[in-house]
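# An overview of the molecular structure
Read off the chains here:
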Amino acid sequence: MRKKAILITGASGEIGQALVKSEAELGEFPILTLDIQPLDEEVRKLVTPIQGDILDKALLSRLISEYEIVTLYHLAALLSTRSEFTPEAAHRVNVEGTLGLLQMAAEQSEWRGEPVKFIFPSSIAAYGLPDLETKTSYARVREWEWNYPRTMYGCNKLYCEQLGIYYSKYYRQLAADRPVMLDFRCVRFPGLISAFTVPSGGTSDYGPEMLHAAAKKVPYACFVREDVRIPFMAMPDAIKALQHLTLAPREALRHQVFNVTSFSLSAEEFRQKVLKHFPEAQIAYQPDLKRQGIVDSWPADLDDSAACREWGWQPDYDVDRSFDEYLVPNIRQRYQG
Ligand SMILES: NC(=O)c1ccc[n+]([C@@H]2O[C@H](COP(=O)([O-])OP(=O)(O)OC[C@H]3O[C@@H](n4cnc5c(N)ncnc54)[C@H](O)[C@@H]3O)[C@@H](O)[C@H]2O)c1
């Protein structure tokens, strides 16, 4: 008999580490992780870690010969800035990697006679607004609007959302027997901010970077203009969103791709929040016009009413609670001494 398990790809990353801890607390199923990087010791002891590439087909086959995957959180990806430097590599990891895992989950669903839940974090990078005037007039963007990404990462995310829907609704639609299809669910995250990990390779990183630099007492030069505005969310809410969407009854869901968000801040408003807690912080502006151009194409805010309606989404951390109760105390502690 194969052992039932949850699989988390990209578990060594920012979301992965937080998700592993939270899933381990729930303790419903044993957790397998797959990441090309080794896991932190603290995370490692909670899981069965597999160090490897999501593109390694032989590795995936070995994995499903031993385990029955009940839920797959597919977090492994190359993020937005990194993907612009190596777009073809990004396509391989972000699209071919996702395709391979969808295929694996599709086969597993047939074997089990029950859908594997495939949970996928997409991003505000799936949107692309043409100019600042449009960005200002379409403040809270809905899922189907402005799906014109400007980055390889955004293109990859948008296409993988579609692939996920395909595998859960139309896979083998011409076959004589309708297969048991996987259950694909996706959230489009805003920029995420963790108190315990530092981001790398994303284009919303200026927010968390300001905070971590202030706590470390090192000067920071923000790579976007003062007025650049995007939505953000504290990491505990990101984990909550993934887990609540996973638990939602399938019949309650009319959509498969959902915006989720918490608060929207301009870079200057973010800086002021940091200065309130770290008045000595040295935060200057040194816009990188190309990276800023990417952030300018992302929405200023997201309309997450479908998520609220269909699976009861509600963030626990608004902007003040995020800073006052989660980010600042934990980041202070991290750099103390
Ligand atoms: N952090 C954010 O603000 C944010 C926002 C929106 C969406 N997301 C999405 O959430 C997911 C996780 O993001 P994160 O912030 O934790 O990213 P991260 O860069 O911290 O983690 C990604 C992990 O994927 C692993 N990985 C990359 N290529 C791999 C491969 N070929 N095989 C196996 N592992 C591989 C990396 O080693 C890394 O540990 C990603 O899909 C990302 O696109 C993140």
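This text gives an overview of the structure that appears in the document. Everything quoted here is computed from the prediction, not taken from an experiment.

Strand order in this open sheet of seven strands is β3-β2-β1-β4-β5-β7-β11, and the pairing throughout is parallel. Each having just a single partner strand, β3 (48-51) and β11 (257-259) make up the two edges of the open sheet. Along the sheet, successive strands turn relative to each other by an average axial angle of 20 degrees, direction set aside. Pairing geometry for strand β4 (residues 67-74) and strand β5 (residues 117-123), over three bridges, is parallel.

We now examine the sheet that holds strand β12 (residues 263-266). Pairing is mixed across the open sheet formed by three strands, whose spatial order is β8-β10-β12. Looking along the sheet, the strands with just one partner apiece sit at the ends: β8 (191-193) and β12. Taken over all neighbouring pairs, the strand axes of this sheet differ in orientation by 45 degrees on average, direction set aside. As judged from the four bridges shared by strand β10 (residues 229-234) and β12, these two strands associate in the antiparallel manner. Bridged to F232 within β12 is F263. Strands in contact with helix α13 (residues 319-335) are β8, β10 and β12; relative to β12, the strand with the most contacts, it is inclined by about 90 degrees.

Reading guide: rules and limits
Residues numbered from 1 in each chain as written. Predicted model: local features only at pLDDT ≥ 70, side-chain atom pairs only at ≥ 80, totals over all residues. Heavy atoms only, no water. Pairing = 2+ DSSP bridges. Helix = DSSP H or I, 4+ residues; strand = E, 2+ residues; numbered from the N terminus. Axes fitted to C-alpha atoms, helices over the stretch in contact; angles between N-to-C directions. Contact = heavy atoms within 4.5 Å.

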